[in-house]
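# Commentary on secondary and tertiary structure
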Amino acid sequence: QVQLVESGGGLVQAGGSLRLSCAASGTIFSPNLMAWYRQNPGKERELVAGIWSGGSTHYEDSVKGRFTISRDNAKNTAYLQMSSLKPEDTNVYYCLVKIISTSSGYFDYWGQGTQVTVSS
């Protein structure tokens, strides 16, 4: 069983920075994706940024150039460095670990979420 612990959320002024961390415990097979999502009321969770175990990354258009995702495979930890934050970035950010199994499909594990609030 994989468990995720997120940290790093908080209150910051517009233009400021925060770094989120997501530490995964348990057996994490490769290939896998570590990603950050956020969810607006009444809408599905949207991918903010993701990074594969091989290192390739993906970003949602509105965060390109402002957010950077990285990971430490030895620690099974993903980071989201958020800079030039805007009030519209305010949200609960959820960590996802997606483990790909060639025989069983994939397994998704979610963190509990961490609140990011950007004041104007």
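Here's what I pulled together on the structure shown here. (Residues numbered from 1 in each chain as written. Predicted model: local features only at pLDDT ≥ 70, side-chain atom pairs only at ≥ 80, totals over all residues. Heavy atoms only, no water.)

### Re the sheet that holds strand E1 (residues 3–7)
We apply this condition: Two strands qualify as a pair provided DSSP detects at least 2 bridges between them. Helix and strand assignments come from DSSP, with helices taken as H or I runs of at least 4 residues and strands as E runs of at least 2, each series counted from the N terminus. Angles shown run from 0 to 180 degrees and are taken between the N-to-C directions of axes, each axis being a line fitted to C-alpha atoms and, for helices, limited to the stretch in contact.
The antiparallel open sheet is built from four strands, whose spatial order is E1-E3-E8-E7. The open sheet has two edge strands with one neighbour each: E1 and strand E7 (67–72). Looking at each pair of strands side by side, their axes are set apart by 15 degrees on average, direction ignored.

### Remarks on the pattern of salt bridges
Selection rule: The working definition used for a salt bridge is a side-chain nitrogen of Lys or Arg within 4 Å of a carboxyl oxygen of Asp or Glu. Partly exposed describes any residue whose relative accessible area lies between the buried limit of under 20% and the exposed limit of over 50%, with all areas from a 1.4 Å probe on protein chains only and scaled to the type maximum.
Applying the stated criterion across every chain, the model contains six salt bridges. With a shortest N-O distance of 2.9 Å, glutamate 46 and arginine 38 are connected by a salt bridge. The class of glutamate 46 is partly exposed, set by a relative accessible area of 29%. Look at arginine 38 and you get buried, because its relative accessible area is 5%. As a salt-bridge pair, arginine 66 and aspartate 89 come within 2.8 Å of each other at their nearest N and O atoms.

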